[in-house]
Amino acid sequence: MNILVTGGAGYIGSHTCVSLLEAGHTVIVADNLCNSKRENVEKIMQITDKEVTFYEIDLTDAKAVDVVFRNYKVDGVIHLAGLKAVGESVDMPLAYYYNNIVSTLVLAKACQKFNVNRFVFSSSATVYGDNTLPFVETMNLLPTTNPYGETKAMIERILADISKANPAFSVSILRYFNPVGAHESGLIGEEPNGIPNNLMPYITQVAKGKLEKLRVFGNDYPTVDGTGVRDYIHVIDLAEGHVAALNNLTEGVHIYNLGTSQGTSVLELVKAFEEANSIEVPYEIVDRRPGDIALCYADASKAKRELGWTAERDIIAMCRDAWRFEKNY
Ligand code: NAD
Ligand code: UD1
C-alpha cells in the first residue's frame, strides 16, 4: 500500500517508516520539520535501502495537503504529526489546540475528498488520566490536566464521529505508553530539544556527561520502591504495532493500547540502564513533579488478540539501544 506518514521525520514516525518499508509498503512522509530534521528521512532510506518521498509541508495548510493526495494514490494515512511537550502545551495552549486539531481536520477532509478510508492515529495513555490500573481500552477517559492531553482526547472523539457517519472510514487509535529506545543501527532515535523532560533521554544525557545527575521526582509513591512506575515500550515494537494496526484495519473505530503490560519504576530503569551499558547514572531524589501519577501501565491484551501484536523487546534492549543512539548522536 502507499502510506502517507505524517510526522514521519520525527522520533516515532521515522521508526514507523522503517517498519512499513520493511513490510513492503511504499512510504510518503509529510512533515514541516518543526521538531525534526530532514536527515532523518535520508537515514530511513539508508537503513532500509528503499526510497521515501518527502513533502516538507505544514498539515494545517489544506492546499499543500491536497497536492500530496493529488500526486499519489494514498491507500492509508498514519497520522503522527503533532506537538507533544506537556509543559509547553500549558504555556501555549492555542498553538497546541490549533496545530494538533486543525492538522487532523485538514487530513480527515482530504481523506474524505480523495476517498482514503484507512486512518491510524497516534494517541497517548495520557487520555486515561488516573483511572484504575491496568488501563483498558473500554475505560471512560478522564481529564488529562494539560492541553496536549486534551488534544489527544478530542481527536479521538472527532475521528470516532467521522467514522460513525461513514463506517467505511476505518480508524485505528493507538494509545502509546512510554516509547523509548532507538533503531539498532544507532542512526535514528529520540532527539529532544534542550533539557529533556522525559526519563530515558535524561538518563542517556547524564550517562554521556551532558547533564550532571538525574533528578528522581519523588520516592514516596505507593509503588515497589516509592518512585513512579511506567510501561516503557521499545520504539521498534511500537513501530511494528502501527504496521499490524494498518494491516488489520476493518470498518469502524478500533482502539488499542500499545504497551508491554509491565511496569518499571524510575530506580529499576536506572539500574537496568547501568547493567545494560556498564555505566553509572548518578541521581538524587527530589520533590514529586506536579501532575505526575504514581503508576501507569497497559492491559495490552486486545492488541494481541485482534492484531496478533505483542511487544517483544525487554527493558535491557531499550536501555542498550537508547544508549547506542545517544553515543552516536
Ligand atoms: P516528534 O516531535 O519527534 O514527531 C512529531 C513530528 O510531527 C515532528 O517531526 C514534527 O516536525 C511534525 N509536526 C508537528 N506538527 C506538524 C504540522 N503541523 N505539520 C507537519 N508536521 C508537523 O514526536 P514523537 O515522539 O515522534 O511523537 C509522534 C506522535 O506520537 C505525536 O503525535 C505524539 O503526540 C504521539 N505520542 C508520543 C509519545 C512519546 O512519548 N514520544 C507518547 C504518546 C503519544
Ligand atoms: C510523559 C508525559 C505524558 C506522555 C508520556 C509518554 C508529562 C507530564 N507527561 O509522561 O503526557 O504521554 O510522557 O511519553 O510530561 N522522571 C524523573 N526524572 C526525570 C524525568 C522523569 O524522575 O527527569 C520520572 C517521572 O516522575 C515518571 C517517570 O520518570 O515517574 C517517567 O516520566 P516521563 O518520561 O516524563 O513520562 P510520563 O510521566 O509517563
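Residues numbered from 1 in each chain as written. Chains lettered and ligands numbered in written order. Predicted model: local features only at pLDDT ≥ 70, side-chain atom pairs only at ≥ 80, totals over all residues. Heavy atoms only, no water.

Asks: Is there a simple way to think about helix 1 (residues 11–22) in this case?
Replies: In an α-helix, one turn spans 3.6 residues; hence positions three or four apart end up facing the same way. Counted at 1.5 Å a residue, the expected span for helix 1 with its twelve residues is 16 Å, and the 17 Å between its end C-alpha atoms agrees. Counting buried positions along helix 1 yields eleven of twelve residues, so the element is predominantly enclosed. All of the buried residues in helix 1 are Tyr11, Ile12, Gly13, Ser14, His15, Thr16, Cys17, Val18, Ser19, Leu20 and Leu21. Of the residues flanking the end of helix 1, it is Gly24, one or two places downstream, whose phi is positive at about 100 degrees. (Helix = DSSP H or I, 4+ residues; strand = E, 2+ residues; numbered from the N terminus. Expected span 1.5 Å × (residues − 1). Buried < 20%, exposed > 50% of the residue type's maximum accessible area, 1.4 Å probe, protein only.)

Asks: It is not clear to me how the state of the cysteines should be interpreted in this structure. Could you clarify?
Replies: What we call a disulfide is simply a covalent bond connecting the sulfur atoms of a pair of cysteines. For the structure shown, the criterion picks out zero disulfides. With no disulfide partner, Cys34 has as its closest neighbouring cysteine sulfur the one in Cys17, 16 Å distant. Unpaired in this structure, Cys111 has its nearest cysteine sulfur neighbour in Cys17, at a distance of 16 Å. (Disulfide = S-S within 2.5 Å.)

Asks: It is not clear to me how the site of ligand 1 should be interpreted in this structure. Could you clarify?
Replies: Taken together, the neighbourhood of ligand 1 is formed by 25 residues, with Ile12, Asp31, Asn35, Ser36 and Asn99 sitting nearest. One nitrogen or oxygen atom from the main chain of Tyr11 is found 2.8 Å from an oxygen atom belonging to ligand 1. Interatomic distance of 3.0 Å between a backbone N/O atom of Leu59 and a nitrogen atom of ligand 1. In isolation ligand 1 exposes 820 Å². Once the protein is present, 95% of that is buried. Listed by contribution, the elements that provide at least two residues to the shell around ligand 1 are helix 1, strand 5 (118–124) and helix 6 (147–165). Considered class by class, the residues forming the shell around ligand 1 number eleven nonpolar, ten polar and four charged. (Near = heavy atom within 4 Å. Polar contact = N/O pair within 3.5 Å; in protein donor to acceptor, adjacent residues only side chain to side chain. Areas by Shrake-Rupley, 256 points an atom, 1.4 Å probe, with all protein chains shown as cover. Nonpolar A, V, L, I, M, F, W, Y, C, P; charged D, E, K, R; others polar.)

Asks: Hey, could you run me through the sheet that holds strand 2 (residues 26–30) in this one?
Replies: One open sheet accounts for seven strands, arranged 3-2-1-4-5-6-11; its pairing is parallel. At either end of the open sheet lies a strand with only one pairing partner, and these are strand 3 (52–55) and strand 11 (253–258). Between one strand and the next, the sheet's axes are offset by a mean angle of 20 degrees, whatever the strand orientation. Taken together, the four bridges between strand 1 (residues 2–6) and strand 4 (residues 76–79) define a ladder with parallel strand orientation. Counterpart to Val5 in the pairing with strand 4 is Ile78. Running over the sheet, helix 8 (residues 235–247) touches strand 1, strand 4, strand 5, strand 6 (170–176) and strand 11 and is turned about 160 degrees from strand 6. (Pairing = 2+ DSSP bridges. Axes fitted to C-alpha atoms, helices over the stretch in contact; angles between N-to-C directions. Contact = heavy atoms within 4.5 Å.)

Asks: Please clarify how the packing of aromatic side chains should be interpreted in this entry.
Replies: Aromatic ring pairs are reported here in terms of the distance separating the ring centres and the angle at which the planes meet. All told, the structure shown has eight aromatic pairs when counted by the stated rule. Centroid distance Phe135 to Phe177: 6.4 Å. Interplanar angle 35 degrees. Geometry classified as tilted. You can see Phe135 sitting in the loop between strand 5 and helix 6 and its partner Phe177 sitting in the loop between strand 6 and strand 7 (178–180), a full 42 residues away along the chain. Note on accessibility: Phe135 and Phe177 belong to one class, buried. Of the aromatic side chains, those joined through ring pairs into one cluster are Tyr128, Phe135 and Phe177. Its end group placed over the ring of Tyr221, Arg288 keeps NZ or CZ at 4.0 Å from the ring centre. Residue placement shows Lys302 over the ring face of Tyr256; its charged tip is 4.9 Å from the ring centre. (Phe/Tyr/Trp six-rings, centres within 6.5 Å; stacked < 30°, edge-to-face > 60°. Lys NZ or Arg CZ within 6 Å of the ring centre and 35° of its normal.)

Asks: For this particular structure, what's the right way to read the nonpolar core?
Replies: Considering soluble globular proteins, one finds that nonpolar side chains tend to be buried as a cluster. Membership of the largest hydrophobic core comes to 36 residues, with the highest contact counts inside it found for Leu20, Val27 and Val52. When neighbours within four sequence positions are excluded, Val27 is seen to be in contact with Ile3, Val5, Cys17, Leu20, Leu21, Val52 and Thr53. (Core = buried A, V, L, I, M, F, W, Y, C linked by side-chain atoms within 4.5 Å.)

Asks: What's the story with the environment of Gly252 in this structure? I'm lost.
Replies: Tracing the sequence through the fold places Gly252 in the loop between helix 8 and strand 11. You can call Gly252 buried: its relative accessible area is 18%. Measuring from C-alpha to C-alpha, the distance between Gly252 and Val171 comes to 6.2 Å, with 81 residues separating the pair along the chain. Setting aside residues no more than four positions away along its own chain, Gly252 makes contact with Ser163, Pro167, Phe169, Ser170 and Val171.

Asks: Would you explain the site of ligand 2 in this entry?
Replies: Taken together, 21 residues lie around ligand 2, and Ser124, Arg215, Arg230, Arg289 and Asp292 are the ones closest in. In the environment of ligand 2, an oxygen atom lies 2.8 Å from a nitrogen or oxygen atom belonging to the backbone of Leu199. Within the backbone of Phe217, one N or O atom sits 2.8 Å away from an oxygen atom of ligand 2. Every element with two or more residues in the shell around ligand 2 is listed here: strand 7, helix 7 (199–208) and strand 8 (214–217). The biggest single contributor to the shell around ligand 2 is strand 8, with four residues. Counted by class, the shell around ligand 2 contains eleven nonpolar, six polar and four charged residues.

Asks: Please explain the pairing of strand 2 as it appears in this structure.
Replies: A regular strand places its side chains so that they alternate between the two faces of the sheet. Within strand 2, four of the five residues are buried, which leaves it mostly tucked inside the rest of the structure. Here five bridges tie strand 1 to strand 2, and the two strands are oriented parallel to one another. Considered in strand 2, the bridge of Ile3 is made with Val27. Handedness of the crossover joining strand 1 and strand 2 through helix 1 is recorded here as right-handed. Across four bridges, strand 2 lies against strand 3 in parallel orientation. Paired with Ala30 across the two strands is Tyr55, which belongs to strand 3. (Right-handed = clockwise from strand over helix to strand, strands pointing away.)

From the geometry alone we can't say anything about function, so treat these as descriptive.
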